[in-house]
Amino acid sequence: MNIAIFGGSFDPVHNGHIEIVKQALKELHVDKILIVPTYLNPFKTEFFAPSTMRLKWLKKLFLHEKRVEVLSYEVEQNRAISTIQTVLHVRKIYKSIEKIYLIIGADNLKNLHKWQNYNQLKELVTFVVASRDGIDMPKDLKKLSINVNISSSNLREEIDENFLPNTLKDEIKKYYTRIKMEKRIENIISILDNQKAENIQIFDMQGKDYFVEQVIIASTMGERHGLALLDDLKKGLKKDETFLNVDDDNEWIVIDLGDILIHLMSPQYRSKYNIEEFLSQREEEMKKIREELDE
């Protein structure tokens, strides 16, 4: 029995991964390809989509591929697992293995010698490299006839539907868009909190027929404090956000980031105009409208 192992974060899974699997099935003469999503890449400190979600996406994507199995081993360990551990696990559950191919991306070649128990690993598997971005590869390594130039990290930053599997396109786009928004909000709140803004509130206006997706309201301790907060936001967010418009009144500063609106208000103005009540009422109005449409 010949098996190929294709591991990775798949954060998110994309069309390049699909092409690697298709080409491996054509070229490697294997009985089965095991796709192994990591819980956490041993060379990274964080993931974006939870491992259980990435596992679910992969199972859904390859559900009807008879020679493809999505292995949950690393996810079930709930920690980073080295490749050698996975290979040894596969050898235990498949007793009649004659050959194991290990599919890796060309971007892994420079650190391959750093992998745990590398010398043992290279005795157990035959490395198969999926070429990428014109990276030079040693002639003695087996290669797949494919050139994958899709980056999961780039996709997380800028979701391009053309690179996503049709069956998962909407789900993946929705998830990473939400995660990206949450990180942006977290960054804004961190700056405001560190600079002593008070009573910070966040209003999620998505799906509520409002002109922005998120509204942040914070109280200042006076005009100078409001201007200082504005200056800190501009400095802290300059690499990540575009300030489309700033209305910097003495008592009420409004910052327009396109899909996020920030209100920095004196306590007196905040009490007088009570934006929170308006936004809450908007939420209730849209809830009633959706209920009526569902009837």
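Refer to the structure presented above.
Note that the structure is predicted; figures quoted are calculated from it, not measured. (Residues numbered from 1 in each chain as written. Predicted model: local features only at pLDDT ≥ 70, side-chain atom pairs only at ≥ 80, totals over all residues. Heavy atoms only, no water.)

Draft legend 1. How the structure looks around the overall build of the protein. Of the regular secondary structure elements, the protein holds 10 helices and 11 strands. In summary, the protein has a C-alpha radius of gyration of 25 Å against a globular reference of 19 Å for 295 residues, an excess of more than 25%. Its C-alpha atoms give the protein principal-axis dimensions of about 75 × 50 × 35 Å. Of all 295 residues assigned to the protein, the portion counted as buried reaches 45%. One way to put it: in the protein the 43 positive side-chain charges average out to a point 10 Å from where the 48 negative ones average out. (Helix = DSSP H or I, 4+ residues; strand = E, 2+ residues; numbered from the N terminus. Rg over C-alpha atoms; globule rule 2.2 N^0.38 Å. Buried < 20%, exposed > 50% of the residue type's maximum accessible area, 1.4 Å probe, protein only. Lys, Arg positive; Asp, Glu negative; His and termini not counted. Charge placed at Lys NZ, Arg CZ, Asp CG, Glu CD.)

Draft legend 2. Structural context of the packing of aromatic side chains. Here the structure, examined in full by the defined rule, presents 11 aromatic pairs. A centroid spacing of 6.2 Å and a plane angle of 55 degrees characterise the contact between Tyr 210 and Phe 278, whose relative ring orientation is tilted. Here Phe 278 lies in helix α10 (residues 275–294) and Tyr 210 lies in the loop between β7 (198–204) and β8 (214–219), a separation of 68 residues in the sequence. What makes Tyr 210 partly exposed here is its relative accessible area of 23%. With a centroid separation of 5.4 Å and an interplanar angle of 50 degrees, the aromatic rings of Tyr 269 and Tyr 273 are classed as tilted. With a gap of four residues between them, Tyr 269 and Tyr 273 both fall in helix α9 (residues 267–273), about one helical turn apart. (Phe/Tyr/Trp six-rings, centres within 6.5 Å; stacked < 30°, edge-to-face > 60°.)

Draft legend 3. Spatial organisation of the layout of surface pockets. Estimates place the volume of the largest pocket at around 1,100 Å³. Gly 7, Gly 8, Ser 9, Asn 41 and Asn 108 are, among the 44 residues lining the largest pocket, the residues nearest its centre. In terms of residue class, the lining of the largest pocket is made up of 17 nonpolar, 20 polar and seven charged. (1 Å grid on protein atoms, 1.4 Å probe; cavity = no way out; pocket = protein on both sides within 12 Å on 5 of 7 lines; lining within 4 Å. Points joined across faces, edges and corners; volume = space filled by probe spheres on them. Nonpolar A, V, L, I, M, F, W, Y, C, P; charged D, E, K, R; others polar.)

Draft legend 4. Here's a closer look at the sheet that holds strand β11 (residues 260–265). Taken in spatial order, the five strands line up as β7-β8-β11-β10-β9 in an open sheet, and their pairing is mixed. Two strands close off the open sheet at either side, each with one partner strand: β7 and β9 (245–248). When strand polarity is set aside, the average angle formed by the axes of neighbouring strands in this sheet is 10 degrees. When β8 meets β11, the two strands line up parallel, connected through six bridges. Each residue of the ladder has a partner; that of Val 215, found in β11, is Leu 261. Packing of helix α7 (residues 169–194) onto the sheet brings it into contact with β7, β8 and β11, and relative to β8 it is tilted by some 10 degrees. (Pairing = 2+ DSSP bridges. Axes fitted to C-alpha atoms, helices over the stretch in contact; angles between N-to-C directions. Contact = heavy atoms within 4.5 Å.)

Draft legend 5. A look at a negative patch on the surface. Among the surface-exposed residues, Glu 223, Asp 247, Asp 248, Asp 249 and Glu 251 lie close enough to one another that they form a single negatively charged patch. Tracing the backbone through its elements, the reader meets Asp 248 in strand β9. (Patch = residues over 30% accessible without salt bridge, like charges linked within 9 Å, V, L, I, M, F, W, Y side chains within 5 Å. Areas by Shrake-Rupley, 256 points an atom, 1.4 Å probe, with all protein chains shown as cover. Salt bridge = Lys/Arg side-chain N within 4 Å of Asp/Glu carboxyl O.)

Draft legend 6. Expanded view of the environment of Phe 278. Looking at Phe 278, the relative accessible area reads 43%, which means it is partly exposed. Phe 278 sits 199 residues away from Arg 79 along the chain, and the two C-alpha atoms are 45 Å apart.

Draft legend 7. Expanded view of helix α1 (residues 15–27). The terminal C-alpha atoms of α1 lie 18 Å apart, and with 13 residues this matches the ideal 18 Å at 1.5 Å per residue to within 8%. Taken residue by residue, α1 has Gly 16, His 17, Ile 18, Ile 20, Val 21, Gln 23, Ala 24 and Leu 25 as its buried positions. Backbone geometry just after α1 places His 29 at a positive phi near 55 degrees. (Expected span 1.5 Å × (residues − 1).)

Draft legend 8. Representation of the side chain of Arg 184 in the model. Within the secondary structure, Arg 184 sits in helix α7. Reaching out from Arg 184, the side chain makes a polar contact with the side chain of Glu 241 at a distance of 2.7 Å. If near-sequence neighbours (up to four positions away) are discounted, Arg 184 is found in contact with Glu 241, Leu 257, Asp 259 and Ile 260. (Polar contact = N/O pair within 3.5 Å; in protein donor to acceptor, adjacent residues only side chain to side chain.)

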